[in-house]
Amino acid sequence: MSSKENPPKKKGCDKGIVKRFKMRLDLIFDYNGLVNQGATCYLNSVLQVLFMTKNFREAVESHCGQDQKTADFHLKSLFKALKTSETHTKDILSILGIRNVYEQRDAAEYFENILSMVNPYVSKIFKGHLRHTMRCSEGHVTSVETGPFWTLPLSIENPSDSNKTYSVRDGFEKFFKSSTVSEMYCDQCNEKTYSTIACKMEHHPEILTLLLKRFEFDYHSMSYTKNDCCVEVPHTLRTKNCDYELYAVVDHVGSLRGGHYTARIKSYDDHNWYVFDDSYVRQPNPQSISHMNNERSQSVYLLMYKKSRAPDQPEEEIKKRGGIKVYGRGMEENRRRIEENKRGME
Ligand SMILES: [Zn+2]
């Protein structure tokens, strides 16, 4: 039957096909995108990670009040809208103080900013604690410092192997290895001795976030540069007490200022991976899913791991032993200290 002979019926038939096709699409793509307000892909990527993190989303939904000046309130509104349709982020941009939406910024910085602004009950699943212990050459403890962290920054050292691949697993393990630092004064020895510093994760967060330091200041060119080095991403991470499983990745492609952020997240509803690219949400092609076990990537920037095995030693025991001392200097200061300590170790 040609359309000339019976146009109305053809039209109705098309509608039916479109409706059925759309229903099928709805079944596959359960998630909605976030509108890019200019160059705000850095924010969209981390907001989608937070939305897709079950405990975080539930805490936002159950623990935020009616105060419109809080980040919690706007996150709750955003999450509600995101459940049904594509959504804009104007209110979140405003509460984060972002005026120039055309300037690309650092996704990790805004991830930490959001976590610092929300109710501590809401953000606690991302918060871990590190303990740095310095010992003199005789083994006397000369200083102990503990502090919270949102992300563990891993320096991407130039890989020496022929494949030119940086191993995240090796970098993570190295982060906790003790190293020799410069001479420090020891009260008990009553003199300066070579000291070692060791870093330990005192509280394992529910979600462990690793930051690959791709954006670094280069003293030769006196400007920030991006390290595009290929990294090998382990699907699971093991610490002494905990196992972690990768469930979200924030990718950055392109140059320092003109690049683009996207997120890949494993859904806790259907356990499938989804790619969140501003307004577009899609499932990755089967090939890239199979590559995600120990994938090699030049774009991964933030890696989120979910705890899959609880620590043998509960946090209460740590508190009984003398408590966790949290420095009042804030996360940014603590991150700087972590990095300084790491530099001291190298
Ligand atoms: Zn000593």
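Residues numbered from 1 in each chain as written. Predicted model: local features only at pLDDT ≥ 70, side-chain atom pairs only at ≥ 80, totals over all residues.

Undergrad: I'd like a description of the overall build of the protein, backed by residues and values.
TA: Looking only at helices and strands, the protein has 11 helices and 17 strands in total. Counting over 346 residues, the protein shows a buried share of 28%. In the protein, the share of contacts with a sequence separation of at least 24, taken over all contacts with a separation of at least 6, comes to 70%. (Helix = DSSP H or I, 4+ residues; strand = E, 2+ residues; numbered from the N terminus. Buried ≥ 20, exposed ≤ 12 C-beta atoms within 10 Å, placed from the backbone. Contact = placed C-beta atoms within 7 Å.)

Undergrad: Go over the packing of helix α2 (residues 41-51) against helix α6 (residues 107-117), please, and point to the residues and values.
TA: One way to put it is that α2 packs onto α6 with a least axis distance of 9 Å and a crossing angle of 50°. Comparing the axis directions of α2 and α6 gives the class oblique. α6 is crossed by α2, and the crossing has right-handed handedness. The segment α2 lies against α6, with Tyr42, Leu43, Ser45, Val46 and Leu50 engaging Ala107, Tyr110, Phe111 and Ile114. (Axes fitted to C-alpha atoms, helices over the stretch in contact; angles between N-to-C directions. Parallel < 35°, antiparallel > 145°, perpendicular 65-115°, else oblique. Left-handed = near helix turned anticlockwise from the far one by under 90°.)

Undergrad: An account of the sheet that holds strand β4 (residues 165-167) is needed here, citing residue identities and associated values.
TA: In space, the three strands of this open sheet follow the order β4-β10-β16, with mixed pairing throughout. The sheet terminates laterally at β4 and β16 (295-297), the two strands that pair on one side only. For this sheet, the mean inter-axis angle between neighbouring strands, taken without regard to orientation, is 30°. The pairing of β4 with strand β10 (residues 230-233) spans three bridges and is parallel. (Pairing = 2+ DSSP bridges.)

Undergrad: How would you sum up the pairing of strand β12 (residues 243-253)? Please name residues and give values.
TA: With eight of 11 residues buried, β12 lies mostly within the body of the structure. Here three bridges tie strand β11 (residues 236-238) to β12, and the two strands are oriented antiparallel to one another. Among the inter-strand pairings, arginine 238 is bridged to a residue of β12, identified as aspartate 243. From the end of β11 to the start of β12, which pair antiparallel, there are four residues. With eight bridges joining them, β12 and strand β17 (residues 300-309) adopt antiparallel strand pairing. When the bridges of β17 are listed, tyrosine 244 appears paired with lysine 307. Inspection of the sheet shows β12 paired to strand β13 (residues 260-266) by six bridges, in the antiparallel sense. Residue pairing for β13: valine 250 is matched across the bridge by alanine 263. Here β12 folds back onto β13, and the loop between the two strands holds six residues, one of which, glycine 254, carries a positive phi near 95°.

Undergrad: Give me the sheet that holds strand β2 (residues 141-149): which residues, what numbers.
TA: An order of β2-β1-β6-β5 is seen for the four strands of this open sheet, with the pairing classed as antiparallel. The open sheet terminates on both sides in strands that have one partner only, identified here as β2 and β5 (179-186). Each adjacent strand pair in this sheet contributes to an overall mean axis angle of 30°, direction not counted. Both strand β1 (residues 128-135) and β2 contribute to a ladder of eight bridges, which runs antiparallel. Residue pairing across strands places threonine 133 opposite valine 144, the latter belonging to β2.

Undergrad: Can you explain the nonpolar core? Please cite residues and give values.
TA: Among the nonpolar cores identified, the biggest contains 61 residues, and Val46, Val49, Ala107, Leu210, Val250, Leu302 and Leu303 are the most heavily contacted of them. Of all the elements, α2 adds the most residues to this core, at eight residues. Once residues lying within four places of it in the same chain are set aside, the contact partners of valine 49 are Ala248, Val250, Ala263, Ile265 and Met304. (Core = buried A, V, L, I, M, F, W, Y, C linked by C-beta atoms within 7 Å.)

Undergrad: Break down the pairing of β13 for me, with residues and values.
TA: Relative to strand β14 (residues 273-277), β13 is paired through four bridges, and the arrangement is antiparallel. Considered in β14, the bridge of alanine 263 is made with phenylalanine 276. Count of turn residues in the β13/β14 antiparallel hairpin: six residues, of which histidine 271 carries a positive phi of about 60°.

Undergrad: I'd love a proper account of the confidence of the model for the protein, names of residues and values included.
TA: Summary statistics for the protein give a mean pLDDT of 82 and a share of 77% for residues scoring 70 or more. For the stretch residues 1-13, pLDDT sits under 50, and the model shows two contacts to residues farther than four places along the chain or on other chains. (pLDDT = per-residue confidence, 0-100.)

Undergrad: With reference to specific residues and values, describe the packing of helix α3 (residues 54-63) against helix α4 (residues 71-82).
TA: Where α3 meets α4, the closest approach of the two axes is 9 Å, and the angle between their N-to-C directions is 115°. Between α3 and α4, the crossing angle belongs to the class labelled roughly perpendicular. In the crossing of α3 with α4, the sense of the turn from one axis to the other is left-handed. Contacts from Arg57, Val60 and Glu61 in α3 reach Asp72, Leu75, Lys76 and Phe79 in α4. For the contact of α3 with α4, the per-class residue count stands at three nonpolar, no polar and four charged. (Nonpolar A, V, L, I, M, F, W, Y, C, P; charged D, E, K, R; others polar.)

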